[in-house]
Amino acid sequence: MSSLLRAWHTAWAGWHRPLLLCAVLMALLTLGCGVGLAVDGRQLLDESVWVKPMKFGFAFALYTGTLAWLVAKLDSGARLGRWTGTVFALAVVAEVGAITLQAARGTFSHFNADRTDPVTTALVPVLTFGVLVIVVAQLVVGVVVLVQRTGGPALNRAIRAGLGLATAGMLIPVYWMASGMHPRTVTDANGTEVPMYQGHGIGDPDGHGMPLTNWSLTGGDFRVPHFFALHGIQVLLVVAAVLAALAVTRPWLRAERVRARLVGRAALGYAGLVAVVTWQAGRGQSLAHPDAATLTALAAVLLVTAAGTVRTVVTARRGATTEDPAPVPAVASR
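Quick caveat: nothing in here was measured; it's all calculated off a predicted structure.

S.K.: Would you explain the pairing of strand β3 (residues 184-187) in this entry?
M.R.: Within a regular strand, the side chains alternate between the two sheet faces. Alternating positions in β3 separate cleanly, Arg184 and Val186 being buried on one face and Thr185 and Thr187 remaining unburied on the opposite face. Note that β3 and strand β4 (residues 193-196) share 4 bridges and pair antiparallel. Counterpart to Thr185 in the pairing with β4 is Pro195.

Here it is as structure tokens:
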């Protein structure tokens, strides 16, 4: 047992503890909500009351875990980064805690305008200002990371581009919350009529959601670009890790500048994807029902990304061939 504890301590030593603890709490919440899905039949807008906290728990488990690793690697501005990371973790716990409490009560969290319910009234500031605190903390961490040299060029590019995407993803909810009001009355899981001032759907405020994600099938939904952008950093870190692993057997990938360029191509392609799905949602179009314009835009992003990637690969392979010619076979002695 002591050896297991030492191994655990070694594996997580140096990680930002509040963010790491937040990631663990979010993971446990995700599992708990999974149980709730199985045993609790209550629904909000045709989905289980536990779907929303489960989605938030899963998303923040991934993201705060990534930040816990990243903040631990800060050099310049490390103190500010650690302090901001703690604020971020506390804000996430408060925000997701309020969402979970409302789910357990069988009512709505965000956009709930019911001032006759004292619990909802008390939680509105948490749900409103919690998002703003998370966004500001994210911006501060992003600025601190910009002045770092955390690793090689490929890793630096993945981290910076990923945090840029995540920051954009966190600003998208702020935009849709402020871009317009859609007042209406809906029924919660308790059969109570609840006034709402905004919705997730564009064109159809409540939408009819896809399985599990509940992204709208009848209109646009800004939760789609929010999700893609928020998790871009994980995608780019995986790309950087895969390229580093492939470099062991592929000499043309051993140059850091080559891997950095490929990560950059992936980042531009991913940013293009986020831009397209944001544009699609803003036009009131469901992710599941793209029109010709959306498909054309996606094809353009794919072609440009593929062309840039192929060019980088071909150039790198030619350079490796020029720099590392095949060894001349030894002449057998007579």
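From this point on, the discussion continues.
S.K.: What should I look at first to understand helix α4 (residues 78-104) in this one?
M.R.: The periodicity of an α-helix, 3.6 residues per turn, causes residues three or four places apart in sequence to face the same way. The end-to-end C-alpha separation of α4 is 38 Å, in line with the 39 Å expected for 27 residues at 1.5 Å each. Of the residues flanking the end of α4, it is Gly106, one or two places downstream, whose phi is positive at about 80 degrees.

S.K.: Can you help me understand a positive patch on the surface in this one?
M.R.: A contiguous patch of positive charge, built from Arg157, Arg261, Arg265 and Arg311, is present on the exposed surface. With respect to the secondary-structure elements, Arg157 resides in helix α6 (residues 153-179).

S.K.: Honestly, the pattern of salt bridges in this entry has me stumped. Any pointers?
M.R.: When charged atoms on two side chains of opposite charge get close, those side chains can pair. Taken as a whole, this structure holds 5 salt bridges when the rule is applied. In this structure, Asp40 and Arg42 form a salt bridge, with 2.9 Å as the shortest nitrogen-oxygen distance. For the salt bridge of Arg259 with Glu256, the shortest nitrogen-to-oxygen distance reads 2.9 Å. Of this pair, Arg259 and Glu256 both sit in helix α9 (residues 256-282), separated by 3 residues, roughly a single helical turn.

S.K.: Which parts of the structure should I look at to understand the environment of Asn214?
M.R.: Its location among the elements puts Asn214 in the loop between β5 (201-202) and β6 (220-221). Assessed through its relative accessible area of 11%, Asn214 is described here as buried. Sequence-wise, Asn214 and Arg257 are 43 residues apart; in three dimensions their C-alpha atoms are separated by 41 Å. Beyond its immediate chain neighbours, meaning those up to four positions away, Asn214 contacts Glu47, Lys55, Gly209, Asp221 and Arg223. Within the structure, the side chain of Asn214 is placed 3.3 Å from the side chain of Glu47, a separation counted as a polar contact.

Rules and cut-offs
- Residues numbered from 1 in each chain as written.
- Predicted model: local features only at pLDDT ≥ 70, side-chain atom pairs only at ≥ 80, totals over all residues.
- Heavy atoms only, no water.
- Buried < 20%, exposed > 50% of the residue type's maximum accessible area, 1.4 Å probe, protein only.
- Helix = DSSP H or I, 4+ residues; strand = E, 2+ residues; numbered from the N terminus.
- Pairing = 2+ DSSP bridges.
- Expected span 1.5 Å × (residues − 1).
- Patch = residues over 30% accessible without salt bridge, like charges linked within 9 Å, V, L, I, M, F, W, Y side chains within 5 Å.
- Areas by Shrake-Rupley, 256 points an atom, 1.4 Å probe, with all protein chains shown as cover.
- Salt bridge = Lys/Arg side-chain N within 4 Å of Asp/Glu carboxyl O.
- Lys, Arg positive; Asp, Glu negative; His and termini not counted.
- Charge placed at Lys NZ, Arg CZ, Asp CG, Glu CD.
- Contact = heavy atoms within 4.5 Å.
- Polar contact = N/O pair within 3.5 Å; in protein donor to acceptor, adjacent residues only side chain to side chain.

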